[in-house]
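Observations on the three-dimensional arrangement
One letter stands for each residue in the lines below.
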Amino acid sequence: MRASISAKERLFVTLRYLATGTSLADLEYRFRMGKSTLSVIIREVCSLIWSELYPKYMKMPCINDWLEIANKFEVSANFPHCVGAVDGKHIRVIKPNKSGSMFLNYKHYFSIVLMAVADSDYNFIYISVGAYGKDCDSGVFKDTAFWHNMINNTLNLPGPTSLPNTNIALPYVFVGDEAFALHQNLLRPYNSQMLDAEKSVFNYRLTRARRYVECTFGILANKWRIFHRPLNVSLDLAVDVVKACCLLQNFIHKEEGVKGVQESLSGCELEEFLPFDSTEMVPTTANEIRDKYKEYFNSEYGSVPWQNNYC
């Protein structure tokens, strides 16, 4: 019998497929392997990449990890207590058989949804892949384990602490766009049709933090050219491909770093994150929390010099 295909060759073929977006027919001629063999190799390697690297490169953060993420968001985006940006991305696919219009999205092409939470280093904190393209971001997010853990207070988030230079104790939050529902730990912009100057400032400051998940998606699509065309594979394999690419992006960033990203702040003192002895009540509703952030961003302590130029 001929020698088996080595693990090195299997990994090389899979990375070539993901990074270039080339077809199986092209890989067949380049590597002299049959299409069916290539299909099996890519499926197995993508699955193994996820199972082997997930525990280290996309594990759920602990309290100290959340504090470090929040510290970096405060430095890079001027948004204190932010622990992640949430958004969904449509991954283009060839229409699955007998699926009707389930995968047809509002952009008029067929897709599955990649729902993700990203940090300010362009890493994926959490992903959920495979929802129907017709579904809205808010509905997809509410079906994820991440949302259920958030509303059940099982995400290991730090408790409410005071904002810098104030006695206003507020919870740590994620930021999203208008498609998401407002929650105590999830902020969205104010309605664009009912804006005053202070609300416009809040929307601008929130957008500066939210852009990191958009940039994370952009890096994903540019690094892995498989996303430059519709995925012409089964839905199961499409999900495995997306998960593997997201995890490999985390692997590259954490092992090699990202050019232009702020240096690690792990050496900074953490006194400002400790509970603040305050007589002011912690806001209990999502609207009150958002209003408190709005007041802080418009205050002497929380404003930045250029914010009124973009509102």
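On a predicted model such as this, the values are computed, not experimentally measured, just so you know.

**Focus on the overall build of the protein**
Scanning the protein from terminus to terminus reveals 9 helices and 7 strands. For the protein, whose C-alpha radius of gyration is 22 Å, the value lies close to the compact-globule estimate of 19 Å for 311 residues. Counting only C-alpha atoms, the protein reaches 80 × 45 × 40 Å along its principal axes. A buried classification covers 47% of the 311 residues belonging to the protein. In the protein, 68% of the contacts between residues at least 6 apart in sequence involve partners at least 24 apart. Total accessible area on the protein is roughly 15,900 Å²; 50% of this is exposed by carbon and sulfur atoms.

**A few points about the pattern of salt bridges**
Taken as a whole, this structure holds 7 salt bridges when the rule is applied. The shortest N-O distance in the salt bridge between Asp-26 and Arg-30 comes to 2.9 Å. You can see Asp-26 and its partner Arg-30 sitting in helix 2 (residues 24-31), 4 residues apart, about one turn around the helix. For Asp-26, a relative accessible area of 26% translates into the label partly exposed. Here Glu-295 makes a salt bridge to Lys-292, at a shortest N to O gap of 3.9 Å. Highlighted residues: Glu-295 and Lys-292, both in helix 9 (residues 286-297), separated by 3 residues, approximately one helical turn. Given a relative accessible area of 41%, Glu-295 falls into the partly exposed group. For Lys-292, a relative accessible area of 22% puts it in the partly exposed group. Beyond isolated ion pairs, a larger network of salt bridges with shared partners links Glu-68, Lys-72 and Asp-121.

**Looking at the UniProt feature "domain: DDE Tnp4" (unreviewed entry) in the protein**
Within this structure's numbering, the places UniProt gives as "domain: DDE Tnp4" (unreviewed entry) are residues 86-250. In residues 86-250, helix accounts for 34% and strand for 20%; the two terminal C-alpha atoms are 16 Å from one another.

**Digging into the packing of helix 1 (residues 7-20) against helix 2**
At their nearest, the axes of helix 1 and helix 2 sit 11 Å apart, and the two run at 140° to each other. Between helix 1 and helix 2, the crossing angle belongs to the class labelled oblique. In the packing of helix 1 onto helix 2, the handedness of the crossing is right-handed. Together, Phe-12, Val-13, Arg-16 and Tyr-17 of helix 1 and Leu-24, Leu-27, Arg-30 and Phe-31 of helix 2 make up the contact between the two elements.

**Examining the sheet that holds strand 7 (residues 186-187)**
The sheet built from 5 strands is open, its strands ordered 3-2-1-6-7 with mixed pairing. One side of each edge strand has no neighbouring strand; the edge strands of this open sheet are strand 3 (124-132) and strand 7. In the sheet, strand 1 (residues 82-92) pairs with strand 2 (residues 111-118) via 8 bridges, with the strands oriented antiparallel. Paired with Asp-87 across the strands is Ala-116, a residue of strand 2. With respect to the sheet, helix 4 (residues 63-77) is in contact with strand 1, strand 2, strand 3 and strand 6 (173-175), its orientation differing from that of strand 1 by roughly 85°.

**Details of the packing of aromatic side chains**
One pass over the structure, following the stated rule, counts 19 aromatic pairs. Residues Phe-79 and Phe-297 carry aromatic rings whose centres are separated by 5.0 Å and whose planes lie at 65° to one another, so their mutual orientation is edge-to-face. Residue Phe-79 is located in the loop between helix 4 and strand 1, and its partner Phe-297 is located in helix 9; the two are separated by 218 residues in the primary sequence. Taking the centre distance of 5.2 Å and the plane angle of 70° together, the rings of Tyr-190 and Phe-202 count as edge-to-face. Of this pair, Tyr-190 sits in the loop between strand 7 and helix 7 (197-223) while Phe-202 sits in helix 7, and the two are 12 residues apart along the sequence. A single burial state applies to Tyr-190 and to Phe-202, both of which are buried. A cation sits over an aromatic face here: Arg-290 above Tyr-190, 4.1 Å from the ring centre.

**What about helix 7?**
For helix 7, with 27 residues, the first-to-last C-alpha span of 39 Å sits near the 39 Å given by 1.5 Å per residue. Taking the largest bend as the criterion, helix 7 deviates by roughly 30°, centred on Ala-209. Capping the start of helix 7 is the job of one residue whose side-chain oxygen sits 3.2 Å from the backbone nitrogen of Glu-198: Asp-196.

What counts and how
Residues numbered from 1 in each chain as written. Predicted model: local features only at pLDDT ≥ 70, side-chain atom pairs only at ≥ 80, totals over all residues. Heavy atoms only, no water. Helix = DSSP H or I, 4+ residues; strand = E, 2+ residues; numbered from the N terminus. Rg over C-alpha atoms; globule rule 2.2 N^0.38 Å. Buried < 20%, exposed > 50% of the residue type's maximum accessible area, 1.4 Å probe, protein only. Contact = heavy atoms within 4.5 Å. Areas by Shrake-Rupley, 256 points an atom, 1.4 Å probe, with all protein chains shown as cover. Salt bridge = Lys/Arg side-chain N within 4 Å of Asp/Glu carboxyl O. UniProt positions renumbered as here; feature names shortened; annotations may be inferred. Axes fitted to C-alpha atoms, helices over the stretch in contact; angles between N-to-C directions. Parallel < 35°, antiparallel > 145°, perpendicular 65-115°, else oblique. Left-handed = near helix turned anticlockwise from the far one by under 90°. Pairing = 2+ DSSP bridges. Phe/Tyr/Trp six-rings, centres within 6.5 Å; stacked < 30°, edge-to-face > 60°. Lys NZ or Arg CZ within 6 Å of the ring centre and 35° of its normal. Expected span 1.5 Å × (residues − 1). Bend = angle between axes of the 7 residues up to and from the residue. Polar contact = N/O pair within 3.5 Å; in protein donor to acceptor, adjacent residues only side chain to side chain.

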